[in-house]
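# Inside the fold
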Amino acid sequence: MTSNLMRKLMVAGAVIAALGVVACKPKPAPEAAAASDAAAASDAAAAASSAAADASAAASSAMASASSAAAAAPASSAPAQ
């Protein structure tokens, strides 16, 4: 064999060995990451629900105020001067 072919085989072997080492490394525990993500999603859902309830209460209060203001306004037909 020529030295060029031998060099290519050695480089290919080194690449395969490096890929094998990377593939065999232990991965981080996916359960811990999934539990953390689920807890964050649950907290975000609770915050969104609370914000929606607050917005609904504010809208209801604003409608009640507008209704009572409209009812309290004098119904005169003459324009104010």
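Residues numbered from 1 in each chain as written. Predicted model: local features only at pLDDT ≥ 70, side-chain atom pairs only at ≥ 80, totals over all residues. Heavy atoms only, no water.

So, on to the overall build of the protein. Helix and strand counts for the protein come out as 2 helices and 0 strands. Counting all 81 residues of the protein, 0% fall into the buried class. For the protein, the accessible area works out to roughly 6700 Å², and carbon and sulfur atoms hold 69% of it. (Helix = DSSP H or I, 4+ residues; strand = E, 2+ residues; numbered from the N terminus. Buried < 20%, exposed > 50% of the residue type's maximum accessible area, 1.4 Å probe, protein only. Areas by Shrake-Rupley, 256 points an atom, 1.4 Å probe, with all protein chains shown as cover.)

Among the surface-exposed residues, Leu 5, Met 6, Leu 9 and Met 10 lie close enough to one another that they form a single nonpolar patch of about 400 Å² accessible area. Residue placement: Leu 5 occurs in helix α1 (residues 3-24). (Patch = residues over 30% accessible without salt bridge, like charges linked within 9 Å, V, L, I, M, F, W, Y side chains within 5 Å. Salt bridge = Lys/Arg side-chain N within 4 Å of Asp/Glu carboxyl O.)

Turning our attention to α1. For α1, with 22 residues, the first-to-last C-alpha span of 31 Å sits near the 32 Å given by 1.5 Å per residue. Across the 22 residues of α1, 0 count as buried, placing the element largely on the outside. (Expected span 1.5 Å × (residues − 1).)

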